[in-house]
Amino acid sequence: AELALRQAQKMDAVGQLTGGIAHDFNNMLSVVVGGLDLARRRIAAEADEVTRHIDNALEGANRAAALTRRLLTFARAEALSPQGVDPADLVAGMVDLIDRTIGERISVAIERATDAWPVWVDAYQLENAILNLAVNARDAMDGAGRLTIAVSNHALRRGPGRDLPPGDYVRIAVIDEGTGMEPAVLERVFEPFFTTKPVGKGTGLGLSQIFGFAQQSGGTVEIQSIVGEGTTVSLWLPRFAGEAGVTPIAPALSDAPSD
Ligand code: ADP
């Protein structure tokens, strides 16, 4: 409980700080981009070298602007709009997107329960989380290997996380055959901005965001990892008592059956 609380407080503080900085920084950047843009247009075509420098500066500024936009999205911790979702359908519907995103040298296998229980989540955010996990898996496999996404039902006598009640949960596991994680890395993966990737490649926001999403959805994230063998990241989400695709009037997570 303490770990989860500390994590949540950290997320709040980091979110506020990041939001403030990203917002101001973004305003300053638009001045830089705007100025460079104007200068670029007024320069005569023969001033080759100058335009090249300006183009470089513009590209850098645009990249920085893209980063601040990502930070803003993180800081806003976008409001969730949950609905009843069939997780197996959602995953099956993502295959093309995942294929396109992680490249053809990684094969993608989907293992879905025939009757996956519905969950009560923001479908867009769940897709985002799964896509993020697939990208992490790709990075860990150095571009080649096998990625498995497995959706399964579990009636648990003990909750999947220390603070979660026993009951019915759906597990969405993203399994890779990548590098795995050293214990020192595993310990810190949920910290905002913790990354082992080179600057420009990783932000260290993926897993902390996914953790926040899972918690807000009444579930949790579990990671099993063996160095040299691979990693399994599991999203545990409580079973939703209603139907997928049917939005009830007053849904509540606590309606999830407890046995
Ligand atoms: P980012 O991907 O931007 O670094 P994340 O929060 O998603 O941010 O991940 C944090 C770190 O956790 C990564 O830099 C990497 O070291 C480690 N990691 C995450 N997923 C995996 C994985 N599937 N296999 C190995 N390491 C991983």
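All figures in this text were calculated on a predicted structure; none of them were measured in a lab.

1. Thoughts on the environment of Ile-106
Logical step 1: Turning to its location among the elements, Ile-106 is positioned in strand 2 (residues 106–112).
Logical step 2: Among the residues examined, Ile-106 registers 21 C-beta atoms within 10 Å and is labelled buried.
Logical step 3: Setting aside chain neighbours within four positions, we find Ile-106 in contact with Arg-138, Met-141, Gly-143, Ala-144, Gly-145 and Leu-147.

2. Let's talk about the site of the ligand
Logical step 1: The environment of the ligand is formed by 20 residues, the closest being Ala-140, Thr-195, Gly-202, Gly-206 and Leu-207.
Logical step 2: Elements represented by at least two residues in the shell around the ligand include exactly helix 5 (123–140) and helix 7 (206–216).
Logical step 3: Grouping the amino acids of the shell around the ligand by side-chain chemistry returns seven nonpolar, 11 polar and two charged.

3. As for the pairing of strand 5 (residues 167–176)
Logical step 1: Counting buried residues along strand 5, seven of its 10 residues qualify, which places the element largely inside the surrounding structure.
Logical step 2: Both strand 4 (residues 145–156) and strand 5 contribute to a ladder of nine bridges, which runs antiparallel. Bridge pairing in strand 5 links Thr-148 to Ile-175.
Logical step 3: Where strand 5 lies against strand 7 (residues 230–238), eight bridges are found, and the strand directions are antiparallel. The residue bridging Ile-175 from the neighbouring strand is Thr-232, located in strand 7.

4. Describing the nonpolar core
Side chains that are nonpolar tend, in soluble globular proteins, to be buried together.
Logical step 1: Core analysis: the largest hydrophobic core is formed by 39 residues, its most contacted members being Val-119, Ile-130, Ala-134, Val-170 and Val-174.
Logical step 2: For this core, the elements supplying multiple residues, two or more each, are helix 3 (87–92), helix 4 (95–102), strand 3 (119–121), helix 5, strand 4, strand 5, helix 7 and strand 7.
Logical step 3: At six residues, helix 5 tops the list of elements feeding residues into this core.
Logical step 4: For Val-174, the residues in contact, after removing those within four places along its chain, are Ile-130, Leu-133, Ala-134, Ala-137, Ile-149 and Val-233.

5. What to know about the confidence of the model for the protein
Logical step 1: Across the protein, pLDDT averages 84, with 84% of residues at or above 70.
Logical step 2: Scored below 50 in pLDDT, residues 248–259 makes 22 contacts in the model with residues more than four places away or belonging to other chains.

Conventions used here
- Residues numbered from 1 in each chain as written.
- Predicted model: local features only at pLDDT ≥ 70, side-chain atom pairs only at ≥ 80, totals over all residues.
- Helix = DSSP H or I, 4+ residues; strand = E, 2+ residues; numbered from the N terminus.
- Buried ≥ 20, exposed ≤ 12 C-beta atoms within 10 Å, placed from the backbone.
- Contact = placed C-beta atoms within 7 Å.
- Near = placed C-beta within 6 Å.
- Nonpolar A, V, L, I, M, F, W, Y, C, P; charged D, E, K, R; others polar.
- Pairing = 2+ DSSP bridges.
- Core = buried A, V, L, I, M, F, W, Y, C linked by C-beta atoms within 7 Å.
- pLDDT = per-residue confidence, 0-100.

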